[in-house]
Amino acid sequence: MASLPKPQPLAPVRWRALAAHDLPVVAVLEARIHAAPWSERNFRDALAAGYSARVADCAERIVAYGVLMLGPGEAQLLNLSVVPEARRMGLGRALLSQFIDDARRLYAEQLFLEVRISNQPAIALYEEAGFTSIARRVAYYPPSHPGAAREDALVMRCALGLVTRTPALR
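Parameters and conventions
- Residues numbered from 1 in each chain as written.
- Predicted model: local features only at pLDDT ≥ 70, side-chain atom pairs only at ≥ 80, totals over all residues.
- Heavy atoms only, no water.
- Pairing = 2+ DSSP bridges.
- Helix = DSSP H or I, 4+ residues; strand = E, 2+ residues; numbered from the N terminus.
- Right-handed = clockwise from strand over helix to strand, strands pointing away.
- Buried < 20%, exposed > 50% of the residue type's maximum accessible area, 1.4 Å probe, protein only.
- Core = buried A, V, L, I, M, F, W, Y, C linked by side-chain atoms within 4.5 Å.
- Contact = heavy atoms within 4.5 Å.
- Salt bridge = Lys/Arg side-chain N within 4 Å of Asp/Glu carboxyl O.
- Axes fitted to C-alpha atoms, helices over the stretch in contact; angles between N-to-C directions.

Overview of the pairing of strand 4 (residues 74–82)
Point 1. Pairing of strand 3 (residues 61–71) with strand 4, which is carried by eight bridges, proceeds in the antiparallel orientation. Its bridge partner lying in strand 4, Gly-66 is registered against Leu-80.
Point 2. The antiparallel pairing of strand 3 with strand 4 creates a hairpin that spans two residues between the two strands, and Gly-73 there sits at a positive phi of about 80 degrees.
Point 3. For strand 4 and strand 5 (residues 110–116), the ladder comprises four bridges, and the chain directions are parallel. Residue pairing across strands places Gln-76 opposite Phe-112, the latter belonging to strand 5.
Point 4. A crossover links strand 4 with its parallel partner strand 5, the connecting element being helix 3 (residues 91–105), and its sense is right-handed.

Pasting the structure below:
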């Protein structure tokens with residue numbers, strides 16, 4: 001019986017804010033990872049709107065990235081991606097944890113996301129982090145490959161709890 005090789009440990013990972021100079025690289029990675037990728041313009045618009053966006057840099061290569069939109073009382077995880085060769089090494093979990101911390105720190109009471117119903121590893125990660133399924137968007141995603149049908153999205157929610165704000169000093 002053949003076995004898969006064990007993933008090799010990554011060089012140290014440095015988390016940092018997504019910068020404008022990263023956008024061409026992130027757009028190429030996005031096109032490689034997703035059937036319906038964000039464009040460079042989508043990422044540029046997210047930065048311009050002030051969304052929380054960060055990357056994992058490993059040996060001067062971006063290996064993970066994500067975008068979180070914050071609004072009054074809630075947040076939405078818009079993108080969380082890990083390059084295939086760096087998966088199963090905890091980067092997605094680490095990035096999700098950072099975004100949950102950001103949302104809590106900025107007084108979001110709940111965090112939402114959408115995920116392809118076929119993406120079982122991501123669904124398992126989100127459930128482990130406290131997300132529960134609350135809805136299904138039928139035929140939400142474009143086909144993942146030619147000849148495939150559109151795919152449903154699972155809408156998930158994580159209750160972040162009420163955060164009490166400290167009254168402003170006068």
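Considerations on the environment of Asp-101
Point 1. Note on placement: Asp-101 falls in helix 3.
Point 2. Residue Asp-101 is classed as partly exposed on the basis of its relative accessible area, which comes to 43%.

Description of the nonpolar core
Point 1. In terms of nonpolar packing, the biggest core is built from 22 residues, with Leu-77, Leu-96, Leu-111, Val-115, Tyr-126, Phe-131 and Met-156 touching the most fellow members.
Point 2. Put simply, the parts of the chain that give this core at least two residues each are strand 4, helix 3, strand 5, helix 4 (120–128) and strand 7 (151–159).
Point 3. A per-element tally of this core places helix 3 first, with five residues.
Point 4. Beyond its immediate sequence surroundings of up to four residues, Leu-96 is in contact with Leu-77, Leu-80, Leu-125, Tyr-126, Ala-129 and Phe-131.

Some remarks on the pattern of salt bridges
Point 1. Following the criterion strictly, the structure yields 13 salt bridges and no others.
Point 2. For Glu-40, the salt bridge identified is with Arg-44, shortest N-O distance 2.8 Å. Here the residue Glu-40 and the residue Arg-44 both occupy positions in helix 2 (residues 40–48), the gap between them amounting to four residues, near one helical turn.
Point 3. When its relative accessible area of 29% is taken as the criterion, Glu-40 is described as partly exposed.
Point 4. For Arg-44, a relative accessible area of 37% translates into the label partly exposed.
Point 5. Taking the shortest distance from any N to any O, the salt bridge between Arg-136 and Asp-152 comes out at 2.7 Å. Of this pair, Arg-136 sits in strand 6 (residues 132–141) while Asp-152 sits in strand 7; the two residues are 16 residues apart in sequence, bridging distant segments of the chain.

What to know about the sheet that holds strand 2 (residues 52–58)
Point 1. Reading across from one edge, 1-2-3-4-5-7-6 is the order of the seven strands in this open sheet, with mixed pairing throughout. Single-partner strands in this sheet number two, and they are strand 1 (13–17) and strand 6. Taking the axes of each pair of neighbouring strands and ignoring which way they run, one obtains an average angle of 25 degrees across the sheet.
Point 2. Pairing of strand 6 with strand 7 involves six bridges; the strand directions are antiparallel. Paired with Ser-133 across the two strands is Met-156, which belongs to strand 7.
Point 3. Sitting on the sheet, helix 1 (residues 23–33) touches strand 2, strand 3 and strand 4, and the angle it makes with strand 3 is about 90 degrees.
Point 4. Sheet contacts for helix 4: strand 4, strand 5 and strand 7; angle to strand 5, the most-contacted strand, approximately 165 degrees.

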